[in-house]
Amino acid sequence: MVQIRIALSQFRPNKGEYAENVTRIGSVITQAAQLDPKPALVVFPETATSGYFVEGGVKELAVTAGTLARDLAAAYQGPTIDVVVGFYERFQNHIHNSALYVMLGKKKPEVRHVHRKVFLPTYGVFDEERFVDRGQDGVRSFETGWGGKAAILICEDAWHSLAATVAALEGAQLIIVPSASPARGLDEEEACDGEAALPVSVVRWERIVRGIAEEHGVFVALANLVGFEGGKGFPGASAVIDPTGRVIARGPLFEEALLTADIDLDSLTTARSDSPLLADLQSALPVLTKSLSGQKENEKVRFDPATNGAAPAHAVTRSSTPLHAVALTERDPLAIDPELTRKWLVSFLKDEVLRRRGFKKGLVGLSGGVDSALTAFLAADALGKDNVIGVRMPYRTSSPDSLAHAQLVIDKVGIQSLTIDISDAVDGLLQQVGNNDPHRLGNIMARQRMIVLFDLSAKHNALPLGTSNKSERLLGYFTWHGDDAPPVNPLGDLFKTQVWALARHVGVPEEIVAKPATADLIKGQTDEGDLGVSYLHADRILYHLIRGEEPTGFTKEEVEIVRKRLDSTHWKRRLPTVAVVSQTAIGEFYLRPVDY
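Let me begin by describing the structure that accompanies this report. Just so it is clear, the structure is predicted and the values come from calculations on it, not from any experiment.

Here we look at the sheet that holds strand S12 (residues 239–241)
One open sheet accounts for 6 strands, arranged S6-S7-S8-S9-S12-S13; its pairing is mixed. Only two strands of the sheet have a single neighbouring strand rather than two, namely strand S6 (141–143) and strand S13 (247–250). The mean inter-strand angle of the sheet, taken between neighbouring strand axes irrespective of direction, is 20°. Across 3 bridges, strand S7 (residues 149–152) lies against strand S8 (residues 174–179) in parallel orientation. If you follow isoleucine 152 over to S8, its bridge partner there is isoleucine 176.

Now the structure itself:
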């Protein structure tokens, strides 16, 4: 039996801090080397030395493989150990998204392999091909310090079946997959092996790596980044897969962790004997590659003429074969797993407020509505109730229920509170500029509340937290530079109906969740009255429209109301438009993410 212990580090890099991250990586390797038994291999995720979404910052953060090997050796003092670290690499005047395989603990670090990412995602949240070059060395297996053969596929490389096939054909026994894939999807039905629900993207990832392992009879080690970068959350949930496709170890969600597992290389023989797919591929490869060569491109299909069998007799009339149609139960596309969602957003607030921005406290403007109440509940969970300040900001015409419901949240969560009446400030401005328009009044009130929150932020060293949901943002139903102004918003990608579901799950009082939604800027105002369509319908219409689908099951008037608001409010969801007159325009050429 040839058993090898491997360790996977779910690592949270400090964005843009190469030296600090390498020092911390060295500490993790030292910690792993002190385990009994000592792992033969420690695997870190993609871009562990810098963070993933650094955009134009890759030129500042990229180092040569030799530099990283030297720096890792300086950061680690311990016995011989193999290490894989994802990093942005400078190589022959190009920049690559790479992974270094190095043996540490000798007098000099021994570089065994460098894999340069071949498949560069440039869609959705990804824009890799703009900032790094495609690896030109393909996929190769190599000898390791622990006696076996391994290959590396970085993130998207593993989604293309050919890459894993090449690795296996080259003799890899272990395929190492460093990844920095942000979590997406809150589907309430997505779970693995009967366990707690996982983000949809994590479930898909496991399907991919389990398929690689089972098809090729190899072990797979998937090491995922953790932490949030610009709101995009890396989930962790790293995994080790055995050659039958079984998950033998999985890391926690959204938390740093060092995951260990023992792999038995002798079990590869049994797995490949029971399911000889790799052997079949090796035998059939010459036949398959004929098609790739193009030699038979214009050759017609060959077959023998009819020479045997019996022609059918005259048709005999029979009853038709019965048709059986299975009606599939239609699932609500906006249904979420509320506990997974709560954990996700609490982790987001911890990362974005505490770790990324260095604040210990958060400010929530409490309107008495469900959105701000939910933000307060999540903030208390993430920061601690003593570190959250709820701020009530009534105007003289505000509904008494708004104040009472805001106080209900303050009392139930147990957070600190302040009440700042904005009537004098708003009325003082209106006396200067004049007013006979209730919509202007509402906008002034919303912006005045942001002035209060940002001033209190400076006073209490507390970060304002956003409360706008996805429905409001897509419909343009907010005051520009008003209620959308806070720099961190946990609810901005949840539809209103999803906010209701999550609010009930975390314990927001039912009288707040169930009451009609209102901005309480104009007496008698309700959201659905202003919009002309219910959130129940608007959310589902939006769900389809933003996917490029035509909504069905709604009236033509409802669809057009939502479509018009969506199409006419793109400007409200972006920063101000700036005239581009140089080759270094901010956000066009000079690209640095918000948390760089």
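Observations regarding the packing of helix H10 (residues 370–383) against helix H11 (residues 400–413)
In the contact formed by H10 and H11, the axes pass within 10 Å of each other and the chain directions differ by 15°. By the angle between their axes, H10 is roughly parallel relative to H11. The hand of the H10/H11 crossing is right-handed. Note on element contacts: H11 touches H10 through Val409, Lys412 and Val413, opposite Ala373, Ala376, Phe377 and Ala380. In the contact of H10 with H11, the residues fall into 6 nonpolar, no polar and 1 charged.

Considering the nonpolar core
With 65 residues, the main nonpolar core has Leu349, Val353, Leu366, Val409, Ile415 and Val562 as its most contacted residues. Considering each element in turn, this core owes the most residues, 10 residues, to H10. Excluding residues that lie within four positions of it along the chain, leucine 349 makes contacts with Leu354, Leu378, Ala379, Ala382, Leu383, Leu465, Val488 and Pro490. Of all hydrophobic cores here, the second largest spans 46 residues; its members include Val84, Ala151, Ala163 and Leu222.

Some details on the side chain of glutamate 352
Among the structural elements, glutamate 352 can be located in helix H9 (residues 338–356). For glutamate 352, a relative accessible area of 3% gives the class buried. A polar side-chain atom of glutamate 352 sits 3.3 Å from the main-chain amide nitrogen of glycine 231. Within polar-contact distance, the side chain of glutamate 352 engages the side chain of arginine 357 at 2.5 Å. Setting aside residues no more than four positions away along its own chain, glutamate 352 makes contact with Phe228, Glu229, Gly230, Gly231, Arg357 and Val488.

Focus on the pattern of salt bridges
Summed over all chains, the structure comprises 28 salt bridges. Between aspartate 595 and lysine 15 there is a salt bridge whose closest N-O contact spans 2.5 Å. Linking aspartate 595 in the segment after helix H19 (556–568) with lysine 15 in the loop between strand S1 (3–10) and helix H1 (18–33), this pair joins segments that are 580 residues apart in sequence. Accessibility assignment for this pair places aspartate 595 and lysine 15 in one class, buried. With a shortest N-O distance of 2.8 Å, arginine 70 and aspartate 71 are connected by a salt bridge. Among the ionic contacts, a cluster of salt bridges with common partners joins Arg12, Arg24, Glu256, Asp351 and Arg355.

Things to note about the packing of aromatic side chains
Given two aromatic rings, one states the distance between the centres and the angle between the planes to describe the pair. In total, this model carries 13 aromatic pairs according to the counting rule given. Relative to phenylalanine 53, the ring of tyrosine 52 has its centre 4.6 Å away and its plane inclined at 85°; by these criteria the two rings are edge-to-face. The exposure class of tyrosine 52 is buried, given its relative accessible area of 4%. On the basis of relative accessibility, which here comes to 9%, the residue phenylalanine 53 falls in the buried class. Ring plane angle 65° and centroid distance 4.9 Å describe the contact between tyrosine 101 and phenylalanine 142, whose orientation is recorded as edge-to-face. In this pair, tyrosine 101 sits in strand S4 (residues 94–104) while phenylalanine 142 sits in strand S6, placing the two residues 41 residues apart along the sequence. Assigned by exposure class, tyrosine 101 and phenylalanine 142 land together as buried. The structure contains a cluster of three or more aromatic residues connected by ring pairs, namely Tyr52, Phe53, Tyr123, Phe126 and Phe234. The lysine or arginine in question, arginine 116, covers the ring of phenylalanine 91, its NZ or CZ lying 3.5 Å from the ring centre.

About the criteria used
- Along every chain, residues carry numbers that run from 1 in the direction the sequence is written.
- For a predicted model such as this one, the threshold for reporting local features is a pLDDT of at least 70, and the threshold for listing and counting side-chain atom pairs is 80 or more; totals across whole chains, interfaces and linings nevertheless cover every residue.
- Excluded from the side-chain calculations are hydrogens and water; all other atoms, namely the structure's heavy atoms, are used.
- Following DSSP output, two strands are said to pair if at least two bridges run between them.
- Helical segments are the DSSP runs of H or I of at least four residues, strand segments are the runs of E of at least two, and each set is numbered from the N terminus.
- Helix axes use the C-alpha atoms of the stretch in contact, all axes being lines fitted to C-alpha atoms, and the angles between their N-to-C directions lie in the range 0 to 180 degrees.
- By the definition adopted for this analysis, an angle is roughly parallel if under 35 degrees, roughly antiparallel if over 145, roughly perpendicular if from 65 to 115, and oblique otherwise.
- Here a crossing is called left-handed whenever its near helix is offset anticlockwise from the far helix by less than a right angle, and right-handed whenever the offset is clockwise.
- Contacts: residue pairs with any heavy atoms within 4.5 Å of one another.
- Residue classes follow a fixed rule: Ala, Val, Leu, Ile, Met, Phe, Trp, Tyr, Cys and Pro count as nonpolar, while Asp, Glu, Lys and Arg count as charged, and any other residue, Gly among them, counts as polar.
- What we call a nonpolar core is a set of buried Ala, Val, Leu, Ile, Met, Phe, Trp, Tyr and Cys residues that are connected through their side-chain atoms within 4.5 Å.
- Each residue is assigned to one of three classes by its accessible area relative to the maximum for its type, calculated with a 1.4 Å probe on protein chains only: buried under 20%, partly exposed between the two thresholds, exposed over 50%.
- Any pair of N or O atoms that falls within 3.5 Å is considered a polar contact. Within protein, one atom must be able to donate a hydrogen and the other to accept it, and sequence-neighbouring residues count only if both atoms are side-chain atoms.
- We count a salt bridge whenever a side-chain nitrogen from Lys or Arg sits within 4 Å of a carboxyl oxygen from Asp or Glu.
- Pairing of aromatic rings covers Phe, Tyr and Trp, the last counted by its six-membered ring, and requires centre-to-centre distances within 6.5 Å; plane angles under 30 degrees mean stacked, over 60 mean edge-to-face, and any other angle means tilted.
- Counted as over-ring charges are cases with an Arg CZ or a Lys NZ within 6 Å of the ring centre that also lie within 35 degrees of the ring normal.

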